[in-house]
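# Working through the structure, step by step
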Amino acid sequence: MKIAIIGLGFVGLSFAAVLGSKGYSVLGIDSDKKKISKIGSGKSLFYEPKLDETLKSALKKSLKVSSDIDLAVRQCDMVFVTVGTPESKEGYIDLTMMKQVVKEIGISLSKTNNKPVIVIKSTVVPRTTQDVVKPILEKNSRKKVGIGFGIAMNPEFLREGTAIYDTLNPHIVVIGSDDVVSANRVKKFYDELYKRKTQIIITNYQTAELIKYANNSFLATKISFINQIANICQSMPGTNIDDVAEVIGLDPRIGSLFLKAGPGYGGSCFPKDMKTMIAFSKKVGTDPVLLEAVQQTNTLQVNKIISLMKNMIGKFDGKKITILGLSFKEDSDDIRESVSIKLIRLLLRENAAITVHDPKAIENTKTIFKAKIRYSDSIRDALKDSQCAIIMTPWKQYKNLPNNDFQKMKRKFVIDTRRILKHENLAIKYNALGIG
Ligand code: UDX
């Protein structure tokens, strides 16, 4: 079986690397020639644990990379589309890349007798496959779906930081299709890939599309919920959000995952998908009161950090403040919608002197703040002369910091937004989100 994956961003590259490393004949396609040449040399464009080694093994075995969509459509049994669907200017979903790629696939289909299934993996709002993808494919190929080619919608649930693990061990595979033959071809592929151990759900296009948004908005709801309870704990001496979360998580109706209170969710998915889901609900005539509250709770969470800081050090003017952790989560260099970046912006507005540390995300952060803040490779240097340190990302490097690292702080104030620092034996003034 020959597989093509068009769009070598986070999802596409992880998928291509995993399939190639398992010996599948894979063609990874991206229009960005520079990207293709870097990936061809075994290097991804972002940090993701295990990705580079998986990619190298895939390239040695059976992964080829190219910019030729024609080749993919002519030769492959399945063409996965994993292009980005970023936020549009109007706060909705931008389908420019999707439309362009699907049009090119359609034109290629018109020139071949091959009948691949075109599998939409990018996150798209319900009815996009039916109302946008299908007409473009049929018009440009001058063929009918189900006869000249197939279409399926197959949302992706992998997380950054564990992308390779998640691709190898998904909790579910969802296949949306309106023609049984295409759905079964995709199912057969996944059954073989996961040795029939992963549950596969077959549904229609729009349900598959909605499942992805419902999944992400439910997870975001869990996070905002626990953050709100954490804020209650904050005002109640003697309470600790982690104790509360642990026990409510034991109720099987609630479940223990995604109950870690913190500075709010960030990243390339939750904030964007929540916005889109809210706009989509309004479009279909449903008032998204709950989703809006989830989003608002998330937006306001950064203010909790600011007010804790003000309680500790007063005005920020000219004071040195250290931010530990810039990426939106650990094991990632991604700073998209990271609350750390939002916090730095707010602190700069109040003239704080900021020094930052992160094991992986410094280079990305430099593109935003340039010389407006200081960057440090060493945690100890980052803390030197600082009046307040804020742990923003739960990197393992921040869990067991020794007393020595804090010795040269001007005032030994530490705010731990994730409650990860083992602080009991440290000579610091410790404060954390969610501890009363
Ligand atoms: C998310 C979804 O989990 C994944 O299924 C989807 O495919 C893409 O979006 P990702 O954004 O990579 O994945 O990371 P995730 O682990 O979900 O974390 C998102 C944000 O929520 C991070 O900022 C994280 O720190 C925060 N978070 C997560 C919490 O604050 N508390 C939690 O309990 C879990």
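Residues numbered from 1 in each chain as written. Predicted model: local features only at pLDDT ≥ 70, side-chain atom pairs only at ≥ 80, totals over all residues. Heavy atoms only, no water.

### With respect to the domain arrangement of the protein chain
- Along its sequence, the protein chain is carved into domain 1 (2-203) and domain 2 (237-436).
- In this structure, domain 1 and domain 2 have C-alpha centres spaced 34 Å apart.
- In this complex, domain 1 contributes 16 residues to the contact, which on the side of domain 2 involves 16 residues.
- Of the roughly 1,400 Å² buried at the junction of domain 1 and domain 2 (both faces included), carbon and sulfur atoms supply 55%.
- Per-residue buried area on domain 1 facing domain 2 is highest for Tyr47, Tyr92 and Glu160; these three make up 50% of the total on that side.
- Here domain 1 is connected to domain 2 by two salt bridges.
- Across the pair Arg336 and Glu160 runs a salt bridge whose closest N-O atoms are separated by 3.6 Å.
- Between domain 1 and domain 2 we count six residue pairs in polar contact (both at pLDDT 80 or more) in total. (Domains from an automatic or database assignment. Contact = heavy atoms within 4.5 Å. Buried area = accessible area lost by both parts, 1.4 Å probe. Salt bridge = Lys/Arg side-chain N within 4 Å of Asp/Glu carboxyl O. Polar contact = N/O pair within 3.5 Å; in protein donor to acceptor, adjacent residues only side chain to side chain.)

### Brief notes about a positive patch on the surface
- Among the surface-exposed residues, Lys260, Lys360, Lys396, Lys399 and Lys422 lie close enough to one another that they form a single positively charged patch.
- Position of Lys260 relative to the elements: it lies in the loop between helix H10 (241-248) and helix H11 (270-283).
- Taking relative accessible area as the criterion, Lys260 reaches 70% and is therefore assigned exposed. (Patch = residues over 30% accessible without salt bridge, like charges linked within 9 Å, V, L, I, M, F, W, Y side chains within 5 Å. Areas by Shrake-Rupley, 256 points an atom, 1.4 Å probe, with all protein chains shown as cover. Lys, Arg positive; Asp, Glu negative; His and termini not counted. Charge placed at Lys NZ, Arg CZ, Asp CG, Glu CD. Helix = DSSP H or I, 4+ residues; strand = E, 2+ residues; numbered from the N terminus. Buried < 20%, exposed > 50% of the residue type's maximum accessible area, 1.4 Å probe, protein only.)

### Notes on empty space enclosed by the protein
- Counted under the stated rule, the structure contains one cavity of 30 Å³ or more.
- Here the largest cavity is characterised by a volume of approximately 50 Å³.
- Counted by class, the lining of the largest cavity contains four nonpolar, six polar and one charged residues. (1 Å grid on protein atoms, 1.4 Å probe; cavity = no way out; pocket = protein on both sides within 12 Å on 5 of 7 lines; lining within 4 Å. Points joined across faces, edges and corners; volume = space filled by probe spheres on them. Nonpolar A, V, L, I, M, F, W, Y, C, P; charged D, E, K, R; others polar.)

### What about the pattern of salt bridges?
- With the rule as written, the count across this model stands at 20 salt bridges.
- Ionic pairing is found between Arg127 and Asp131, a salt bridge with its closest N-O pair at 3.0 Å.
- Residue Lys187 is joined to Asp191 by a salt bridge in which the shortest nitrogen-to-oxygen separation is 2.8 Å. Taken together, the residues span about one helical turn, with Lys187 and Asp191 both in helix H8 (residues 180-193) at a distance of four residues.
- Under the relative-accessibility criterion, Asp191 is labelled buried at 11%.
- By sharing partners, the salt bridges in this structure join Asp70, Arg74 and Lys111 into a single network.

### Quick notes on the site of the ligand
- Taken together, 18 residues sit near the ligand, with Phe157, Leu158, Glu160, Lys260 and Lys329 positioned nearest.
- In this structure, Lys212 approaches the ligand through a side-chain N or O atom, which is 3.0 Å from an oxygen atom.
- Protein contacts shield 92% of the accessible area of the ligand, which totals 660 Å² for the unbound molecule.
- It is helix H9 (residues 205-234) that contributes the most residues to the shell around the ligand, three residues altogether.
- Classifying every residue of the shell around the ligand gives nine nonpolar, two polar and seven charged.
- Two domains share the shell around the ligand, each providing at least three of its residues, namely domain 1 (2-203) and domain 2 (237-436). (Near = heavy atom within 4 Å.)

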